[in-house]
There are 2 protein chains.
Amino acid sequence: MQTTTLQITKCESSKIDQVNFDKLPFGEIFTDHMFICDYKNGAWSNPRIQPYQPLQIAPSARVFHYGQAIFEGMKAYKDDEGGVWLFRPDQNYERINKSAERMAMPPLPKEYFFEGLHELLRLDQEWIKPGIGNTLYVRPFMIASQAGIIASAAEEFTFMIICAPAQSYFTGSVSVKIEEHYSRAANGGFGYAKAAGNYAGQFYPTQLAKQEGFQQVVWTDATEHKYIEEAGTMNIFVRLKDTLVTCPVSDRILDGVTRKSLLQMAEDMGIKTEVRPIAVSELVKGIASGEMTELFGAGTAAVVSPISGFSYEGKRYELPELSKDSYALRLKNQLMNIQYNRSEDPHGWREQVVTS
Amino acid sequence: MQTTTLQITKCESSKIDQVNFDKLPFGEIFTDHMFICDYKNGAWSNPRIQPYQPLQIAPSARVFHYGQAIFEGMKAYKDDEGGVWLFRPDQNYERINKSAERMAMPPLPKEYFFEGLHELLRLDQEWIKPGIGNTLYVRPFMIASQAGIIASAAEEFTFMIICAPAQSYFTGSVSVKIEEHYSRAANGGFGYAKAAGNYAGQFYPTQLAKQEGFQQVVWTDATEHKYIEEAGTMNIFVRLKDTLVTCPVSDRILDGVTRKSLLQMAEDMGIKTEVRPIAVSELVKGIASGEMTELFGAGTAAVVSPISGFSYEGKRYELPELSKDSYALRLKNQLMNIQYNRSEDPHGWREQVVTS
Ligand SMILES: Cc1ncc(COP(=O)(O)O)c(C=O)c1O
Ligand SMILES: Cc1ncc(COP(=O)(O)O)c(C=O)c1O
């Protein structure tokens, strides 16, 4: 029987006591429950919360063969009174539906997304630890679960939310390779979608970069490799003199929630911002002249990730040490203060899930 | 216990009697068995044949989130004496390992691929019906089955082979839209790999084309949309005067087995061939002058698929009716004669799996 009311099946006993929260590997340990619902015959149904468990899925399911899969990444934060918060979840909801459209997948009803999310977080709230840096990483995702290997859009999908407790993602600043050969996304492609197919293609070029001593790749435009676009799971910011610059989003670049929040916060702080294409040659010149003093990535997982240096055309360029009043650190602190309910929230970005 | 010897578990009773072989939907019905093996701790192991059945897989498996998945597509043919044949399976084996490298996946040992393939086809040979057009579509594929949502290459994979009985794929000739906005692959991307992420991105633009009355999209270069590249699952050929032309493969274009076989066969037949970029403007001029008389797709699923017309810049162009001595039909017949063991095989392309 199909239903549209959320059904909850609780796990018999929590796994939480087996988890060492001081030493969490990223994205490997999941909470006790998961949210799941099905799309069939043109409609979503059967929203349910179940114990976290393996899926049973046909070997011929489209997702295995044609990558028809999208996801989101968000975090839940606990304040010092035990209140649980999300940060701009409406943005993730809108974006998953944009991704869905581009990948020929059905939009998700708002109630399913938010009811599933809230109920799941309420049930598993013990998994969210208070204290800056502790979060619950929340992964909504949708896959083409329909059996059958014809190379066209599926008509049956599964949407799920799974949650993994996390600590700060990156440690220290990273050294990046500005990519001159490989590309992440094509003009007219689906780089702006948070689609599975955008990620696996980055692994090999990133492995090559790691062998050369870098931690990350900064992707450039696929046509000329002259303009920086974004990193693996981060948008990119540059400080040139006193201006904070980031490139415009496009059909190749993900419209990051962190990116747009930092831009707004920078404006609120009176920092001049510019959104325009950034040529690699500008970075090279900026290092030489000393006018470029910061380069950092921004995304939900790593929040703000300062970049210590980059390579391009076989040369390495080093950025100066970050000062305490760098834009990167000021913005990061301010953002986390909002996320953890430690400061005002002038734009109403916080959404409370559990009251303290 | 891990083993490297093929273990076979047969199904208790065959499903074959429930299948209507006169009315097969493409890729929805699978044979009784499947081949499966695992990659873990740096090595492949546990090759086994099992009854075809659902997979148990963690919701956090990389394949669901990051599209780390590759596949192959080949066919088994039965001749009139009951012999079963594969067509150039070495090419598929080489290609899956090329795809694997680009997608940061481990290469597959030759024995696993061929022993699995041969044993599976021997077991399920009743599913292959004799007669031109009847085939068993064989789908080898590899997925990142490791649990955990960190956005980097997995270290655990599953390789499988599943088989679906099939009849001729396309019926009649198709009308195509030459794409001017969307793209399939980027320079420096992984369009040349048979990777899952290359397919889902095509579904939406193809749906749009279908709404406009076309059956397929012909992809063009992502930079200018001026050169034709390939169709959904086919490489593209043009006949200009007496010359058969196809574009070179590149990092955006799949190196099709059908494509390279047709080129060789055309040469064997004394047909002049050219491998060079093909501008859409040439097609438009070729229609006007009458010098372009054929346009067709070529791939394992559809074999040779004549194109009756195309659209570009809002105009529709129609090709003349195909004559019996068209290159498309001559090549198609010749190819199928080789595949079904009905003619000489001068290049040793056939591989016998079951002797009659
Ligand atoms: C490709 C890519 N760019 C940028 C980002 C940053 O987006 P957000 O700030 O919404 O997490 C992400 C996601 O984390 C991403 O996957
Ligand atoms: C993108 C693409 N192009 C071309 C082809 C044709 O390749 P093959 O002749 O090896 O089947 C395929 C696969 O069928 C494909 O997926």
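Parameters and conventions
Residues numbered from 1 in each chain as written. Chains lettered and ligands numbered in written order. Predicted model: local features only at pLDDT ≥ 70, side-chain atom pairs only at ≥ 80, totals over all residues. Heavy atoms only, no water. Contact = heavy atoms within 4.5 Å. Buried area = accessible area lost by both parts, 1.4 Å probe. Salt bridge = Lys/Arg side-chain N within 4 Å of Asp/Glu carboxyl O. Polar contact = N/O pair within 3.5 Å; in protein donor to acceptor, adjacent residues only side chain to side chain. Helix = DSSP H or I, 4+ residues; strand = E, 2+ residues; numbered from the N terminus. Nonpolar A, V, L, I, M, F, W, Y, C, P; charged D, E, K, R; others polar. Domains from an automatic or database assignment. Core = buried A, V, L, I, M, F, W, Y, C linked by side-chain atoms within 4.5 Å. Buried < 20%, exposed > 50% of the residue type's maximum accessible area, 1.4 Å probe, protein only. Near = heavy atom within 4 Å. Areas by Shrake-Rupley, 256 points an atom, 1.4 Å probe, with all protein chains shown as cover. UniProt positions renumbered as here; feature names shortened; annotations may be inferred. Disulfide = S-S within 2.5 Å. Pairing = 2+ DSSP bridges.

Draft legend 1. Quick look at the interface of chain A and chain B. Opposite the 60 residues of chain A that make contact, chain B presents 60 residues. Interface area lost by chain A to chain B is led by A:Pro59, A:Phe64 and A:Phe203, which between them contribute 14%. The interface formed by chain A and chain B contains 0 salt bridges. Across the contact surface, chain A and chain B share 18 residue pairs in polar contact (both at pLDDT 80 or more). Contributions of two or more residues to the side of chain A that touches chain B are made by strand E4 (55-57), helix H1 (62-66), strand E5 (69-71), helix H2 (89-102), strand E8 (135-144), strand E9 (157-166) and helix H4 (200-211) of chain A. The element that contributes the greatest number of residues to the side of chain A that touches chain B is H4(A), accounting for 6 residues. For the side of chain A that touches chain B, the residue count by class is 37 nonpolar, 19 polar and 4 charged.

Draft legend 2. Focus on the domain arrangement of chain A. All names here are of chain A. The assigned domain composition of chain A is domain 1 (7-166) and domain 2 (174-322). The distance between the C-alpha centroids of domain 1 and domain 2 comes to 28 Å. Interface area, domain 1 with domain 2, both sides summed: about 1,500 Å², of which 60% is carbon and sulfur. Of all residues in domain 1, the largest losses of buried area upon contact with domain 2 belong to Phe71, Arg95 and Arg102, amounting jointly to 39% of the total for that side. Across the domain 1-domain 2 interface, the total number found is 0 salt bridges.

Draft legend 3. Fine view of the pattern of salt bridges. All names here are of chain A. Counting across every chain of the model gives 27 salt bridges over all chains. Here Lys177 makes a salt bridge to Glu212, at a shortest N to O gap of 2.9 Å. Residue Lys177 is found in strand E10 (residues 174-178), and its partner Glu212 is found in the loop between H4 and strand E11 (216-220); the two are separated by 35 residues along the sequence. The residue Glu274 makes a salt bridge to Arg276 at a minimum N-O spacing of 2.7 Å.

Draft legend 4. Here's a closer look at the nonpolar core. Counting residues in hydrophobic clusters, the biggest one holds 152 residues, and the most contacted among them are A:Phe64, A:Phe159, B:Phe64 and B:Phe159. Not counting the four nearest positions on each side in its chain, B:Phe64 is found in contact with A:Leu55, A:Ile57, A:Val63, A:Phe64, A:Ala69, A:Phe141, A:Ile143, A:Ala196, B:Ile57, B:Ala58 and B:Pro59.

Draft legend 5. Geometry of the site of ligand 2. Residues and elements named next belong to chain B. Residues in contact with ligand 2 amount to 16 residues; listed here are only the nearest, Lys194, Tyr199, Glu230, Thr258 and Thr300. Within the backbone of Thr233, one N or O atom sits 3.4 Å away from an oxygen atom of ligand 2. One of the side-chain nitrogen or oxygen atoms of Thr258 is found 2.6 Å away from an oxygen atom of ligand 2. Burial of ligand 2 by the surrounding chains reaches 98%, relative to a free accessible area of 380 Å². When residues of the shell around ligand 2 are traced back to their parent elements, those giving at least two are strand E13 (234-240), helix H5 (257-268) and strand E16 (292-299).

Draft legend 6. Quick peek at the UniProt feature "modified residue: N6-(pyridoxal phosphate)lysine" (unreviewed entry) in chain A. Residue and element names in this part refer to chain A. The sites that carry the UniProt feature "modified residue: N6-(pyridoxal phosphate)lysine" (unreviewed entry) are, in the present numbering, Lys194. Overall, Lys194 belongs to the buried group, its relative accessible area being 10%. Apart from the residues within four sequence positions on either side, Lys194 is in contact with Ile70, Phe71, Glu72, Gly73, Arg95, Ser99, Tyr199 and Leu254.

Draft legend 7. The arrangement of the site of ligand 1 in detail. All names here are of chain A. Surveying the vicinity of ligand 1 reveals 16 residues, the closest of which are Lys194, Tyr199, Glu230, Thr258 and Thr300. At a separation of 2.9 Å, an oxygen atom of ligand 1 approaches a polar side-chain atom of Lys194. At a separation of 3.4 Å, an oxygen atom of ligand 1 approaches a polar backbone atom of Thr233. Compared with its free state, where it exposes 380 Å², ligand 1 has 97% of that area covered by protein. Elements that contribute at least two residues to the shell around ligand 1 include exactly strand E13 (234-240), helix H5 (257-268) and strand E16 (292-299). In terms of residue class, the shell around ligand 1 is built from 5 nonpolar, 7 polar and 4 charged.

Draft legend 8. Here's a closer look at the state of the cysteines. Tallied over the full model, the rule gives 0 disulfides over all chains. In this structure B:Cys11 is not part of a disulfide, and its nearest cysteine sulfur, from B:Cys163, lies 13 Å away.

Draft legend 9. Local environment of the pairing of strand E2 (residues 33-40) of chain A. Residue and element names in this part refer to chain A. With 7 of 8 residues buried, E2 is to be regarded as a mostly interior element. The pairing of E2 with strand E3 (residues 43-51) spans 7 bridges and is classified as antiparallel. Each bridged residue has a counterpart across the sheet, and for Asp38 the counterpart in E3 is Ser45. Summarising the sheet, E2 and E9 pair through 5 bridges and their orientation is antiparallel. Bridging from a neighbouring strand, Asp38 pairs with Thr158 of E9.

Draft legend 10. Here's a closer look at unusual backbone geometry. All names here are of chain A. With a phi angle near 55 degrees, Asn46 is a residue other than glycine that sits in the positive phi range. The exposure class of Asn46 is buried, given its relative accessible area of 18%. Positive phi values are uncommon outside glycine, yet His225 reaches one of about 55 degrees. Along the chain, His225 falls in the loop between E11 and strand E12 (228-231).

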